[in-house]
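Take a look at the letters that make up each chain.
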Amino acid sequence: MRDEYPSTDEHQAVHLELGYPDAVRDLNRWTPLVKWILAIPHYFVLAALGVAAFVCVVIAWFAIMFTGRYPRGLFDFVLGVHRWSLRVSAYMWLLITDEYPPFSLR
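Residues numbered from 1 in each chain as written. Predicted model: local features only at pLDDT ≥ 70, side-chain atom pairs only at ≥ 80, totals over all residues. Heavy atoms only, no water.

### Examining the packing of aromatic side chains
For the record, the criterion: Here the aromatic set is Phe, Tyr and Trp, taking the six-membered ring for Trp, and pairing holds for ring centres within 6.5 Å; pairs whose planes are under 30 degrees apart are stacked, those over 60 apart are edge-to-face, and all others are tilted. When a residue's accessible area, from a 1.4 Å probe over protein chains only, is under 20% of the maximum for its type it is buried; when over 50% it is exposed; and in between it is partly exposed. Here, a charge over a ring means that NZ of Lys or CZ of Arg falls within 6 Å of the ring centre while also lying within 35 degrees of the ring normal.
For the structure on display, the rule yields five aromatic pairs. With 5.4 Å between their ring centres and 85° between their planes, Tyr70 and Phe75 make a pair best called edge-to-face. Aromatic side chains Tyr100 and Phe103 sit 6.5 Å apart centroid to centroid with 50° between the ring planes, which places their arrangement in the tilted category. For Tyr100, a relative accessible area of 34% translates into the label partly exposed. The exposure class of Phe103 is partly exposed, given its relative accessible area of 46%. It is Lys35 that lies over the ring of Tyr91; its NZ or CZ is 4.8 Å from the centre.

### Digging into a nonpolar patch on the surface
What counts, and what does not: Here, patches come from residues exposed beyond 30% relative accessible area and free of salt bridges, joined within 9 Å for like charges and within 5 Å for nonpolar side chains (Val, Leu, Ile, Met, Phe, Trp, Tyr). The method behind every accessible area is Shrake-Rupley, applied with a 1.4 Å probe, and residues are considered shielded solely by the protein chains displayed. A side-chain nitrogen of Lys or Arg and a carboxyl oxygen of Asp or Glu constitute a salt bridge if their distance falls within 4 Å. For helices the rule is a DSSP run of H or I covering at least 4 residues; for strands it is a run of E covering at least 2, with both sets numbered from the N terminus onward.
A cluster of nonpolar side chains, Trp30, Leu33, Val34, Trp36, Ile37, Leu38, Ile40, Phe44, Val45, Tyr100 and Phe103, forms an exposed patch at the surface whose accessible area comes to about 1,100 Å². Looking at the element boundaries, Tyr100 is found in the segment after α4 (72-92).

### Quick look at unusual backbone geometry
Most of the time, phi is negative for any residue but glycine, and the peptide bond is trans. Located in the positive-phi region is Leu95, a residue other than glycine, with phi close to 55°. As for its position among the elements, Leu95 is in the segment after α4.

### So, the confidence of the model for the protein chain
Here is the rule: A residue's pLDDT is the predictor's confidence in that residue, given on a scale from 0 to 100.
On average, residues of the protein chain score 86 in pLDDT, and 87% of them are at 70 or above. Of all helices and strands in the protein chain, the one with the weakest mean pLDDT is helix α1 (residues 23-26) (77), whereas helix α3 (residues 40-67) scores best (95).

### Side note on the pattern of salt bridges
In total, this model carries two salt bridges according to the counting rule given. Two residues, Lys35 and Asp98, come together in a salt bridge whose shortest N-O distance is 2.8 Å. Here Lys35, found in helix α2 (residues 35-38), pairs with Asp98, found in the segment after α4; they are 63 residues apart in sequence, far enough to count as distant. Since its relative accessible area comes to 2%, Lys35 is described here as buried. In this structure, Asp76 and Arg72 form a salt bridge, with 3.6 Å as the shortest nitrogen-oxygen distance. Note that Asp76 and Arg72 are positioned in helix α4 at a spacing of four residues, about one turn of the helix.

What follows is the structure, encoded as structure tokens:
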């Protein structure tokens, strides 16, 4: 995430790369049947963090309006919530990894 205005005619500032898994070597055949159960604790925590991230974005909006700067702590927190959400999505919905996502914003 960057704070500069993105150009529409050049390369964008943010690139997301998810590695394509080797299904035979990297993935267990039976784990997709239970991954949704294993991800339930993450969704409870991410629901609470999503509300907190929304509040942080609103606070950051006011901070940007008055100071012209995005507070670094709020930025890091919202970015961490997005990273965590992406790791859980890659684990449960995209099925590209069998590595259980950590409970971490980093």
